[in-house]
Every structure is written in C-alpha cells, then in structure tokens.
Amino acid sequence: MNDTIATILKHRSIRRFSDQPLADSQLKEYIRAGQMASSSSFIQAVSVIRVSDSANRAKFAKLAGGQPYVESAPEFLVFCADLSRNRDRIRRDVAAEEPDFSWTEQFIAATVDVALFAQNVVVAAESDGLGCCYIGGIRNDPEQVTELLALPDLVYPVFGLCLGYPDQDPAAKPRLPIEAVFHQNAYPERGETDVVLDEYDAEVADYYQRRTNGKLNVTFTQQMAKQSASQTRKFMGEYIKKQGFNQH
Ligand SMILES: Cc1cc2nc3c(=O)[nH]c(=O)nc-3n(C[C@H](O)[C@H](O)[C@H](O)COP(=O)(O)O)c2cc1C
C-alpha cells in the first residue's frame, strides 16, 4: 500500500489538539492542495475563511452547539460554496445580460466543489501528521455565520474544519462493509446486503461500547434512526434560497 492510501485509511476525526501552531506557509500548502481538487465545469466555487479572531471563535463554538474544539483548535476554517465571485466578475467584464446562478444544478455543483476541496485539505494535513474535524454544527445558525463572516449573496457556509496536531489517538471508526457500498452494474436487490449489514450493526455497537467503556450500546441502524427522527436544521432550504441559491 502506498503512503497516500495508508494516510487515508488511518483517518479518524480529532477533537483535542496540542497548542503547537501551524506555520502560515504550511496552512497555505494545504489550501493549495484543496484548490487542485477537480471542479465541476472549472467553476472553482469555493472560498475558505480562516477564523483567527478569538471572540468570533467563541461564537462559532457556541453556535455549533457547544463544541469546545472549535474554540481551542490551532486553526478553524469555514468552507463556503461561492458563486458570488464568478457572478461579480461576469457582471463587471462580460455580461450582456445578468448572469444566472440560481439553479439547483449550480447549487449542487458549488457544494460538491467545496466537499472535494476540503477533503484534499484534510488528506494533505493528515499526511503531515495533523488531525482534523469537520464541523457541520455551524449550520445550526447559518444566519449568524453569514453575519460573522460578512458573506454576500451566492455564498453559504457548508461546514467548518478544526485543524491542528492531535492531542489524542482515538481508534478508527469502522465503515460499512465494502459489499454494502460497492456494486457491479446495478443496485443490489432489496435485502441482498442484509447479512453484511447485520454484522456491521454488531461491529458498530461493539466499537461504541469499547469507546465509551460500556456506556453506549447502539447499532449503526439505531443511530441512523435517531438521526433521521431528529429532523435537524429544517430551516436550511429557506436559508439557502435567501442566499440566492437553488431558486428552481
Ligand atoms: C460534513 C461533516 C460535518 C461534521 N460535523 C461534525 C460536527 O459538527 N462535530 C463533530 O464533532 N464531528 C463532525 N463531523 C465528524 C463526523 O462525526 C465523523 O467524520 C464521523 O463520525 C466518522 O468518524 P471519523 O471521522 O472519526 O472516521 C462531521 C463530518 C462531516 C463530513
């Protein structure tokens, strides 16, 4: 196995960091790695905002549901889907008519760009021994994030990312069996993957029991049921539209 794959397979989210800072040049190298991710139609619809202001860090930690590592991580980045930059440039230099970035397809393309960019950043940082934790919790209050970061229309915060040298060494979290996610020629018949998924449920329950000294005993399916029942962030559709995305 090569070093890149070994790095990827060792991934686990890190939520406790040492105080060791990152050099500016180092962080920029990871951002450059992010920029080299593929981009739908070359739109490059990503802006990354480094939050270094400590008062704002505290606000992010709170609005993300009280996640202390958002405040204490050496770096906290907010990854935004950004069609505003392209829109403004077209308006200035090209437009015979008003550019239109309001379609669902463009919203999806911009969001996918952000995810690919960010994962390149994560892999680059992890290959240097750093640890990361994505923070979807910032979407608990997208309006406040928009205000804190002065985001214009056609920009929205997809997730945050904590970054730094690990001060913990958690076990890797078991993933779904490959038979449940990788198929040939067609989607599997309903029930075809039941056996491997049952085994996976047991494996996840065992993982949580070990990780919590027996306090948590929950299968993957039970966890997903709880997650779907929680109906989190039902306001996102409205917020996204308000930012000018996904009108039709
Ligand atoms: C888009 C996204 C948002 C996430 N948001 C949070 C978050 O707000 N807080 C957190 O502690 N972990 C968050 N995570 C981390 C996941 O919980 C974690 O990746 C998952 O449980 C798998 O664990 P692992 O990364 O350790 O393998 C997020 C992950 C992703 C991809």
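Worth saying up front: this structure is predicted, and the values here are computed from it rather than measured. (Residues numbered from 1 in each chain as written. Predicted model: local features only at pLDDT ≥ 70, side-chain atom pairs only at ≥ 80, totals over all residues. Heavy atoms only, no water.)

Considerations on the domain arrangement of the chain
Thought 1: Examined at the domain level, the chain breaks down into domain 1 (3–171 + 231–242) and domain 2 (178–217).
Thought 2: Domain 1 and domain 2 are separated by 29 Å when their C-alpha centres are compared. (Domains from an automatic or database assignment.)

Here's the deal with the packing of aromatic side chains
Thought 1: As enumerated under the stated definition, the model contains nine aromatic pairs in all.
Thought 2: Centre to centre, the rings of F79 and F117 are 6.0 Å apart; their planes meet at 70 degrees, and the pair counts as edge-to-face. One end of the pair, F79, is in strand 2 (residues 75–82); the other, F117, is in helix 6 (residues 104–127), and 38 residues separate them in sequence. You'll find F79 and F117 in the same group, each marked buried.
Thought 3: Relative to F159, the ring of F79 has its centre 5.6 Å away and its plane inclined at 50 degrees; by these criteria the two rings are tilted. Here the residue F79 occupies a position in strand 2, and F159 occupies one in strand 4 (residues 155–164), the gap between them amounting to 80 residues. Considered together, F79 and F159 belong to a single accessibility category, that of buried residues.
Thought 4: An aromatic cluster of three or more residues is present, and its members are F79, F117, Y134 and F159. (Phe/Tyr/Trp six-rings, centres within 6.5 Å; stacked < 30°, edge-to-face > 60°. Helix = DSSP H or I, 4+ residues; strand = E, 2+ residues; numbered from the N terminus. Buried < 20%, exposed > 50% of the residue type's maximum accessible area, 1.4 Å probe, protein only.)

Regarding the side chain of R12
Thought 1: Locating R12 in the fold gives a position in the loop between helix 1 (3–9) and helix 2 (24–35).
Thought 2: Engagement of the side chain of R12 in a polar contact is seen with the side chain of D169, the distance being 2.6 Å.
Thought 3: For R12, the residues in contact, after removing those within four places along its chain, are E126, C132, Q168, D169, P170, A171 and A172. (Polar contact = N/O pair within 3.5 Å; in protein donor to acceptor, adjacent residues only side chain to side chain. Contact = heavy atoms within 4.5 Å.)

A short note on the pattern of salt bridges
Thought 1: Under the definition given, this model contains twelve salt bridges.
Thought 2: Ionic pairing is found between D169 and R12, a salt bridge with its closest N-O pair at 2.6 Å. One end of the pair, D169, is in the loop between strand 4 and helix 8 (178–181); the other, R12, is in the loop between helix 1 and helix 2, and 157 residues separate them in sequence.
Thought 3: Ionic pairing is found between R92 and D93, a salt bridge with its closest N-O pair at 2.7 Å.
Thought 4: Taking the relative accessible area as the measure of exposure, D93 reaches 47% and is therefore partly exposed.
Thought 5: Each of D24, R50 and E75 takes part in salt bridges that share partners, so that together they form one network. (Salt bridge = Lys/Arg side-chain N within 4 Å of Asp/Glu carboxyl O.)

Points about the nonpolar core
Thought 1: Formed by 35 residues in total, the largest nonpolar core has its most connected members in F79, L83, Y156 and L163.
Thought 2: Residue assignment for this core shows that the elements contributing at least two residues are helix 2, strand 2, helix 6, strand 4 and helix 11 (236–242).
Thought 3: Each residue touching Y156, except ones within four places of it in the same chain, is listed here: F79, C80, A81, F107, T111, L151, Y239, I240, Q243 and F245.
Thought 4: Core analysis: the next-biggest nonpolar cluster, separate from the first, contains 21 residues, F76, C133, I138 and L151 among them. (Core = buried A, V, L, I, M, F, W, Y, C linked by side-chain atoms within 4.5 Å.)

A short note on helix 6
Thought 1: Taking 1.5 Å as the rise per residue, helix 6 with 24 residues should run 34 Å; its terminal C-alpha atoms sit 35 Å apart, in good agreement.
Thought 2: Looking one or two places after helix 6, you find G129, whose phi comes out positive at around 90 degrees. (Expected span 1.5 Å × (residues − 1).)

Here's the deal with the sheet that holds strand 2
Thought 1: Pairing is antiparallel in the open sheet, where four strands are placed in the order 1-2-4-3. Bordering the open sheet on either side are strand 1 (46–50) and strand 3 (131–135), each of which pairs with just one other strand. For this sheet, the mean inter-axis angle between neighbouring strands, taken without regard to orientation, is 25 degrees.
Thought 2: Pairing of strand 2 with strand 4 involves eight bridges; the strand directions are antiparallel. Paired with D82 across the bridge in strand 4 is V155. (Pairing = 2+ DSSP bridges. Axes fitted to C-alpha atoms, helices over the stretch in contact; angles between N-to-C directions.)

As for a nonpolar patch on the surface
Thought 1: On the surface, a nonpolar cluster with roughly 440 Å² of combined accessible area is contributed by M1, I5, I8 and L9.
Thought 2: Inspection of the secondary structure assignment puts L9 in helix 1.
Thought 3: Owing to a relative accessible area of 55%, L9 belongs among the exposed residues under this scheme. (Patch = residues over 30% accessible without salt bridge, like charges linked within 9 Å, V, L, I, M, F, W, Y side chains within 5 Å. Areas by Shrake-Rupley, 256 points an atom, 1.4 Å probe, with all protein chains shown as cover.)

With respect to the site of the ligand
Thought 1: Of all residues adjacent to the ligand, which total 14 residues, the nearest are H11, S13, R15, Q67 and K173.
Thought 2: Between the ligand and S13, the relevant distance is 2.6 Å, taken from an oxygen atom to a side-chain nitrogen or oxygen of the residue.
Thought 3: Top contributing element to the shell around the ligand by residue count: strand 3, with three residues.
Thought 4: Taken together, the residues of the shell around the ligand sort by class into five nonpolar, five polar and four charged. (Near = heavy atom within 4 Å. Nonpolar A, V, L, I, M, F, W, Y, C, P; charged D, E, K, R; others polar.)

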